[in-house]
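Architecture at a glance
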Amino acid sequence: MIGRSRAGEVISEHTDDFSADMRRLELGPVTLLRTSFPPTLFRRTASMVRRSDPEVYSLTLLLDGGMALTRGSDPTTTFGPGELHLAHSSQPFDLRAFGSGSTDPGRSRIDAVGIDFPASLLPLPPQRLRNVLGRGFSGREGTSALLSDFVVGLDRHAAALGPAEAPRLGTVVVDLVAAWLARELEAEAEVPEDVRRSALMASIRSFVRQNLQDPELTPAVIAAEHHISVSYLHRVFTRQSRGETVAASIRGQRLEQARRDLGDPALSAMPIHAVATRWGIPRASDFSRAFQAAYGLSPREHRHRALSGSASR
C-alpha cells in the first residue's frame, strides 16, 4: 500500500514484527492517507526520481510521534505533533519517523494523516513553493488550522462519504492547501477567485459548526469574523450551497443536532427546551414550530418514537 501511494524505499528495525495500519481514501485525483506504524525510515533517492516521477505534492499532518526530514545538503528539519509539511515527488529525501517516546521501543508509534495530489492541481507556480517545501508549519492557527481540521475530519468520516461527494471534497482540500500556501507566501492575489471562494466557504462552514450552540450566531457575526460584508457572505454562500441561505443552513444544522439529542437514551432526562437551548434555539415555541416543519412531528413525538424504538431493540 505504501508503494501504491508514495514510491520509495521503506526501512525499519521492526521488520520481524512490523505492525502497521493504513487507510487509503480516493477523492478523485486526490488521495487521503491515514497511517499508524512503528519507527521507520522512508527514502527516495535521486535515481528513483529519475526512473519515475509522478509529479505529486504530499502534505503530511503529524498527529503523534516525530519526523526528521533531510533533503540533500539542506539542514535536517524535525516535525512534532500538530505540524504540517509539504514535499514534492521530484526531490530526493530521507524521512525518519520516530515514536512518541514510549519507554517500550516495541510499542512506539507514529500517527499521521496526509494527502497526495497532482502538482498540476495547485494554482501556484512551482518556483514560488521552493521556500515552503520541507518546512514545518503549525497546524493550529488560521488557515493551517482550518486545513488540518478538514483533513482530520475527512479521515474521521471516510466511511460515510458517498462516491459523488469524494471528488468534490478532493477539490476543496486542494483549494484549502492553495489558500494556506498563498497566505504563507503572501501571494493571495495569485490564487484564482474560485479557489479563494472555495476556501472561504470551508472556513465559514467550519466556523458555523463550531458556534452552532451560540444563539448570537448570525450572518453579521459570520461576516465580521471573515472580514467580508454581509451581502458578499450571502452571495457566496447561496452560490456555493445551491440556493440555501446562511440562516437556513444554521437552522437546519441546529435542528438536526437537537433531533439527534432527543433520540439519545443518555439524554432522555434532559427537558426538551434545554435540548433546544443547548443548540442555540432558546425560545421553545420557535423550536417546536421549526422542528414540526422540518420533520413532520413535534419534538415530544420524535423523542417518544426514538426512545421507544431504542427500548424495543
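Going by the structure above, here's the rest.
Report on the accompanying structure. (Residues numbered from 1 in each chain as written. Predicted model: local features only at pLDDT ≥ 70, side-chain atom pairs only at ≥ 80, totals over all residues. Heavy atoms only, no water.)

Regarding the pattern of salt bridges
In total, this model carries 15 salt bridges according to the counting rule given. Close ionic contact of R34 with D155 constitutes a salt bridge, the shortest N to O distance being 3.4 Å. Placement of R34 in strand β3 (residues 30-37) and of D155 in helix α3 (residues 142-156) is noted, with a sequence separation of 121 residues between them. Between R43 and D94 there is a salt bridge whose closest N-O contact spans 3.0 Å. Of the two residues, R43 sits in strand β4 (residues 40-44) while D94 sits in strand β9 (residues 93-98), which places them 51 residues apart along the sequence. Through salt bridges that share partners, R23, R34, D111 and D155 make up one connected network. (Salt bridge = Lys/Arg side-chain N within 4 Å of Asp/Glu carboxyl O. Helix = DSSP H or I, 4+ residues; strand = E, 2+ residues; numbered from the N terminus.)

Here we look at the packing of aromatic side chains
Summed over the entire model, instances satisfying the criterion amount to 5 aromatic pairs. Pairing Y57 with F117 gives two aromatic rings, centres 5.8 Å apart and planes at 40°, and the pair type is tilted. Here F117 lies in strand β10 (residues 110-118) and Y57 lies in strand β5 (residues 56-64), a separation of 60 residues in the sequence. You'll find Y57 and F117 in the same group, each marked buried. Seen in terms of ring centroids, F291 and Y295 are 4.8 Å apart; in terms of plane orientation they differ by 50°. Their pairing is tilted. Here F291 pairs with Y295, and both are found in helix α10 (residues 284-295), just 4 residues apart, close to one helical turn. Aromatic ring contacts, followed pair by pair, group F287, F291 and Y295 into a single cluster. (Phe/Tyr/Trp six-rings, centres within 6.5 Å; stacked < 30°, edge-to-face > 60°. Buried < 20%, exposed > 50% of the residue type's maximum accessible area, 1.4 Å probe, protein only.)

Things to note about the packing of α3 against helix α4 (residues 165-185)
Across the interface, α3 lies against α4 with an axial gap of 9 Å and an inter-helix angle of 160°. It follows that α3 is roughly antiparallel to α4 by the angle criterion. The crossing of α3 and α4 is left-handed. Of the residues in α4, those in contact with T143, S144, L146, L147, F150, V151 and L154 of α3 are L169, V172, V173, L176, V177, A179, W180 and R183. Classifying every residue of the contact of α3 with α4 gives 12 nonpolar, 2 polar and 1 charged. (Axes fitted to C-alpha atoms, helices over the stretch in contact; angles between N-to-C directions. Parallel < 35°, antiparallel > 145°, perpendicular 65-115°, else oblique. Left-handed = near helix turned anticlockwise from the far one by under 90°. Contact = heavy atoms within 4.5 Å. Nonpolar A, V, L, I, M, F, W, Y, C, P; charged D, E, K, R; others polar.)

Notes on α10
Taking 1.5 Å of rise per residue, 12 residues should cover 16 Å, and α10 covers 16 Å from first to last C-alpha, within 8% of that figure. Listed in full, the buried residues belonging to α10 are F287, A290 and F291. Down the axis, α10 shows its buried residues gathered within 100° of arc, on one side only. Opposite the buried face of α10, by more than 90 degrees, sit the exposed residues R289 and A293. Positive backbone phi, approximately 80°, marks G296, located one or two places after α10. (Expected span 1.5 Å × (residues − 1). Arc of directions from axis to C-beta.)

Quick notes on the sheet that holds strand β2 (residues 21-27)
Strands sit in the order β2-β3-β10-β5-β8-β11 across an open sheet of 6 strands; the sheet is antiparallel. Of all the strands in the sheet, just β2 and β11 (137-138) have a single pairing partner and so form its edges. As paired elements, β5 and β10 share 8 bridges and run antiparallel to each other. Looking across to β10, one finds that L61 is bridged to V113. (Pairing = 2+ DSSP bridges.)

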